[in-house]
Amino acid sequence: KPEEKATGKNFVWLPKTVLEHDADAIWRGRIAAMNQCTRCHRPYGLNEFSLEEWPQIIQRMGERTSLTNKEVDDIILYYTTVIKASDFSFPLEKQ
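Residues numbered from 1 in each chain as written. Predicted model: local features only at pLDDT ≥ 70, side-chain atom pairs only at ≥ 80, totals over all residues. Heavy atoms only, no water.

Regarding the packing of helix H1 (residues 23–36) against helix H3 (residues 69–86)
Our working definition: Between N-to-C directions, angles cover 0 to 180 degrees, with each direction set by a line fitted to C-alpha atoms, over the stretch in contact for helices. Secondary structure counts use DSSP, requiring at least four H or I residues in a row for a helix and at least two E residues in a row for a strand, with both numbered from the N terminus. Geometric relationships in this document are graded by angle, where less than 35 degrees denotes roughly parallel, more than 145 denotes roughly antiparallel, 65 to 115 denotes roughly perpendicular, and other angles denote oblique. Here, residues are in contact when the closest pair of their heavy atoms is within 4.5 Å. Polar here means any residue outside two lists: the nonpolar Ala, Val, Leu, Ile, Met, Phe, Trp, Tyr, Cys and Pro, and the charged Asp, Glu, Lys and Arg; Gly therefore counts as polar.
Here H1 crosses H3 at 100°, and the two axes come no closer than 7 Å. Between H1 and H3, the interaxial angle falls into the category roughly perpendicular. Residue-level inspection shows Ala25, Ile26, Arg28, Gly29, Arg30, Ala32 and Ala33 of H1 in contact with H3, the latter providing Lys70, Asp74, Ile75, Leu77, Tyr78, Tyr79 and Thr81. Across the contact of H1 with H3, the residue classes tally to eight nonpolar, two polar and four charged.

Regarding the nonpolar core
We count it as follows: Residues belong to one nonpolar core when they are buried, are Ala, Val, Leu, Ile, Met, Phe, Trp, Tyr or Cys, and are joined through side-chain atoms within 4.5 Å. Working definition: with a 1.4 Å probe on protein chains only, accessible area under 20% of the residue-type maximum means buried, over 50% means exposed, and in between means partly exposed.
The biggest cluster of nonpolar side chains holds 17 residues, and the ones touching the most others in it are Leu46, Trp54, Ile58, Val72, Ile75, Tyr78 and Tyr79. Top contributing element to this core by residue count: H3, with eight residues. Residue contacts for Ile58: discarding those within four places in its chain leaves Val72, Ile75, Ile76 and Tyr79.

Thoughts on the pattern of salt bridges
Note on pairing: side chains with opposite charge can pair once their charged atoms come close. Rule in force here: Salt bridge, as used here, is a side-chain nitrogen of Lys or Arg placed within 4 Å of a carboxyl oxygen of Asp or Glu.
Enumeration over the complete set of coordinates arrives at three salt bridges. One salt bridge in this structure joins Lys70 and Asp74, with 3.8 Å as the shortest N-O distance. Taken together, the residues span about one helical turn, with Lys70 and Asp74 both in helix H3 at a distance of four residues. Under the relative-accessibility criterion, Asp74 is labelled buried at 6%. Several salt bridges converge on common partners, so that one network encompasses Arg28, Lys70 and Asp74.

Some points on the layout of surface pockets
To be explicit about the condition: Both site types are read off a 1 Å grid over the protein atoms alone. A 1.4 Å probe that fits but cannot get out defines a cavity, while an open set with protein on both sides within 12 Å along at least five of seven lines defines a pocket; lining residues have an atom within 4 Å of a point. Grid points are joined across faces, edges and corners, and a volume is the space filled by probe spheres set on the points.
Of the volumes computed, that of the largest pocket is approximately 390 Å³. Lining of the largest pocket is provided by 22 residues; of these, Gln36, Cys37, His41, Met61 and Thr65 occupy positions nearest its centre. Contributing elements (two or more residues each) for the lining of the largest pocket: H1, helix H2 (53–63) and H3. If one sorts the elements of the lining of the largest pocket by residue count, H2 sits on top with five residues. Taken together, the residues of the lining of the largest pocket sort by class into 14 nonpolar, six polar and two charged.

Some points on the packing of H2 against H3
How two helices pack is summed up by the angle between their axes together with the distance between the axes. As a reminder of what qualifies: Handedness of a crossing follows from how the near helix is turned relative to the far one, being left-handed for an anticlockwise turn of less than a right angle and right-handed for a clockwise one.
At a minimum axis distance of 10 Å, the contact between H2 and H3 shows a crossing angle of 160°. By the criterion of interaxial angle, the relationship of H2 to H3 is roughly antiparallel. Two packed elements cross with a definite hand, and for H2 against H3 that hand is right-handed. In contact with Trp54, Pro55, Ile58, Gln59 and Gly62 of H2, H3 contributes Val72, Ile75, Ile76, Tyr79, Thr80 and Ile83. For the contact of H2 with H3, a count of residues per class yields eight nonpolar, three polar and no charged.

Let's talk about the packing of aromatic side chains
Given two aromatic rings, one states the distance between the centres and the angle between the planes to describe the pair. Selection rule: Within 6.5 Å between ring centres, the rings of Phe, Tyr and Trp (the latter by its six-membered ring) count as paired, and their orientation is classed by plane angle as stacked under 30 degrees, edge-to-face over 60, tilted in between.
Taken as a whole and judged by the stated rule, the model has four aromatic pairs. Taking the centre distance of 5.1 Å and the plane angle of 85° together, the rings of Phe49 and Trp54 count as edge-to-face. Aromatic pair Tyr78 and Tyr79: ring centres 5.3 Å apart, planes at 85°, arrangement edge-to-face. Judged by relative accessible area, Tyr79 falls into the buried class, the value being 6%. Through a chain of ring-to-ring contacts, the aromatic side chains of Tyr44, Phe49, Trp54, Tyr78 and Tyr79 assemble into a single cluster.

Listed below in structure tokens is the structure:
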């Protein structure tokens, strides 16, 4: 059964088997991505970049912002964990 972490109407479903890391860190990463990254640009779909590209992109963007290293690490953890759970191993066609 998937684990649920909910705040209001927002939640993320992850199979328990992919929770190799602290679920709270994954959740903090999601919140930071939704609250911080969208200040400057639209939210990108997890499948718009590959599993290998996301950490580099997030790290590079983190250097341009006031995000702490912990927040950057949490965002990277969120993206990579959800991508692995969703089996997004490559970008899907962009429309």
